[in-house]
Each structure stands twice: as C-alpha cells, then as structure tokens.
Amino acid sequence: MTLLIVMGVLFAAGIYLLLERSLTRVLLGIILVGNGVNLLILAAGGRSGLAPLYEEGTPAEDYADPLPQALILTAIVITFAVTAFLLAMIYRSWVIARRDELTDDAEDRRVASQDTFDFEEDSEVALETSEFPADIDDDNVPAHAEESRRAAAARLAGERLASELRQASSEESAGTNNKRRNRKAR
C-alpha cells in the first residue's frame with residue numbers, strides 16, 4: 001500500500017513539473033515520472049521470491065519473475081538517455097539565451113489565434129469524391145468499371161471463338177488426314 005502511495009505522489013509531482021515552462025522543471029518531472037513507472041512495474045511484478053536460478057527441489061511458485069526486473073532495468077536506461085538529451089538541450093538554451101524557460105514565438109501566437117475552421121478540410125464533401133468526374137456514369141458508377149466488365153466479356157468471347165477455331169481446325173486436319181489415307185489406298 002505504501003508503494004502505491006509513493007508511486008501516486010511521484011506521478012502527480014512529475015506531471016505537475018512536466019507542465020511548467022522551465023526546462024529544468026520538465027527534466028525533474030520526467031525523472032519523477034520515470035521513477036513512478038519503475039515502481040509501477042515493480043508492484044505489478046507480484047510478490048518477491050527466490051532468485052530465478054534453478055535449484056533442484058524448489059517449486060516454480062517460489063521463484064521471482066525476472067521479467068519486471070528486466071523491464072525496470074530497460075526503463076532506467078531509457079530515462080537516463082532522455083535525461084542526458086534534456087540536459088544537453090538545457091545547456092544549449094542557457095548558452096544561447098541565458099535563460100531556462102521556453103517562450104512562445106510569433107508563429108506560435110499566430111497559430112493559436114487562428115480560427116479553427118479550415119475550409120479545405122472541414123467543408124462538406126460532395127457525393128462525388130472522384131478526382132476525375134468525367135469517369136463517372138449517370139448511375140454514379142465509375143466508367144472504368146463498365147469498361148473492365150466489357151473487356152472481360154470480350155475476352156471470354158474471344159476465348160470461346162479461339163476454342164471453336166481450334167476444334168474446327170483439328171476436325172479439318174483429321175479430315176485432311178483421312179483424305180490422304182484414302183488417296184494412298186487407291
């Protein structure tokens with residue numbers, strides 16, 4: 001229970017500091033939230049147990065789960081990397097501007113004061129959504145769909161015709177062969 005209260009305090013203080021304009025406070029907020037996440041993973045890992053090294057005769061329930069420990073170690077490394085990056089940003093901000101706080105620039109203020117309605121994105125969409133309105137029939141069916149149906153029908157008819165021609169030519173060649181045999185027999 002105490003672990004949950006500490007975790008809640010770390011999350012609350014960390015989120016409060018993240019909402020500040022000072023980069024140093026943002027850094028401290030990220031560190032506190034990272035530690036809160038580590039405690040959350042530790043609490044979710046379950047009860048403590050024996051080291052996860054195999055010992056003969058020890059039931060599996062007595063061992064500790066190594067996964068939460070590995071996740072906490074990974075979270076510590078990630079928090080360290082983010083802390084190093086933010087420290088570099090804070091140092092650069094201090095060297096360039098001699099201050100630690102973020103300020104709104106003119107572009108941020110202009111964007112914030114804009115109307116939220118965008119004509120291109122927020123206006124009603126017409127029934128026709130094709131980029132090529134000439135390709136649409138009266139039935140609101142794309143013309144290329146009708147063309148593909150016609151092409152499929154023509155291909156099928158062509159295959160039937162080719163099949164009939166092959167059959168006719170094979171019959172004709174069989175008839176020619178019979179005529180040759182008859183001539184040879186005479």
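Residues numbered from 1 in each chain as written. Predicted model: local features only at pLDDT ≥ 70, side-chain atom pairs only at ≥ 80, totals over all residues. Heavy atoms only, no water.

1. A few points about the overall build of the protein chain
From N to C terminus, the protein chain includes 6 helices and 0 strands. Of the regular secondary structure in the protein chain, the N- to C-terminal order runs α-α-α-α-α-α. Burial analysis of the protein chain (186 residues in total) assigns 14% to the buried set. By sequence separation, contacts in the protein chain at least 24 residues apart represent 43% of the contacts at least 6 residues apart. Accessible area of the protein chain: about 15300 Å², with a carbon and sulfur share of 60%. (Helix = DSSP H or I, 4+ residues; strand = E, 2+ residues; numbered from the N terminus. Buried < 20%, exposed > 50% of the residue type's maximum accessible area, 1.4 Å probe, protein only. Contact = heavy atoms within 4.5 Å. Areas by Shrake-Rupley, 256 points an atom, 1.4 Å probe, with all protein chains shown as cover.)

2. Examining the UniProt feature "transmembrane region" (unreviewed entry) in the protein chain
Following the UniProt record, the feature "transmembrane region" (unreviewed entry) maps to residues 6-23, 30-50 and 70-91 here. Helix makes up 78% of residues 6-23 and strand makes up 0%, while its end C-alpha atoms are separated by 24 Å. Across residues 70-91, helical content stands at 100% and strand content at 0%; the span's end C-alpha atoms are separated by 32 Å. (UniProt positions renumbered as here; feature names shortened; annotations may be inferred.)

3. Some words on a negative patch on the surface
A cluster of acidic residues, Asp118, Glu120, Glu121 and Asp122, forms a negative patch on the protein surface. For glutamate 121, the location among the structural elements is in helix α5 (residues 119-122). The exposure class of glutamate 121 is exposed, given its relative accessible area of 65%. (Patch = residues over 30% accessible without salt bridge, like charges linked within 9 Å, V, L, I, M, F, W, Y side chains within 5 Å. Salt bridge = Lys/Arg side-chain N within 4 Å of Asp/Glu carboxyl O. Lys, Arg positive; Asp, Glu negative; His and termini not counted. Charge placed at Lys NZ, Arg CZ, Asp CG, Glu CD.)

4. Considerations on the environment of arginine 99
Within the secondary structure, arginine 99 sits in the loop between α3 (66-97) and α4 (106-113). Distance from arginine 99 to serine 22, taken between C-alpha atoms, is 8.9 Å for residues 77 residues apart in sequence. Leave out the neighbours within four places in its chain, and arginine 99 touches Ser93 and Trp94.

5. Quick word on the pattern of salt bridges
When their charged atoms lie close together, side chains carrying opposite charge are able to pair. Tallied over the entire structure, the rule returns 2 salt bridges. With its nearest N and O atoms 3.5 Å apart, the salt bridge here joins arginine 25 to glutamate 20. Arginine 25 sits in the partly exposed class, given a relative accessible area of 43%. Take glutamate 20: its relative accessible area is 25%, and that puts it in the partly exposed class. Residue glutamate 107 pairs with arginine 110 through a salt bridge whose shortest N-O separation is 2.6 Å. Taken together, the residues glutamate 107 and arginine 110, both in helix α4 and 3 residues apart, mark about one turn of the helix. Given the relative accessible area of 41%, glutamate 107 is considered partly exposed.

6. A look at the side chain of threonine 79
Among the secondary structure elements, threonine 79 is positioned in helix α3. A polar side-chain atom of threonine 79 sits 2.8 Å from the main-chain carbonyl oxygen of alanine 75. Non-local contacts of threonine 79, meaning those with residues more than four positions away in its chain, are made with Ile31 and Gly34. (Polar contact = N/O pair within 3.5 Å; in protein donor to acceptor, adjacent residues only side chain to side chain.)

7. Here we look at the side chain of serine 93
For serine 93, the position within the fold is in helix α3. Judged by relative accessible area, which is 18%, serine 93 ranks as buried. Once you skip the residues sitting within four places of it in the chain, serine 93 turns out to touch Leu23, Arg98, Arg99 and Asp100.

8. As for the packing of helix α1 (residues 2-18) against helix α2 (residues 23-44)
Here α1 crosses α2 at 155°, and the two axes come no closer than 7 Å. Relative to α2, the element α1 is oriented roughly antiparallel. At the point where α1 passes α2, the crossing takes the left-handed sense. (Axes fitted to C-alpha atoms, helices over the stretch in contact; angles between N-to-C directions. Parallel < 35°, antiparallel > 145°, perpendicular 65-115°, else oblique. Left-handed = near helix turned anticlockwise from the far one by under 90°.)

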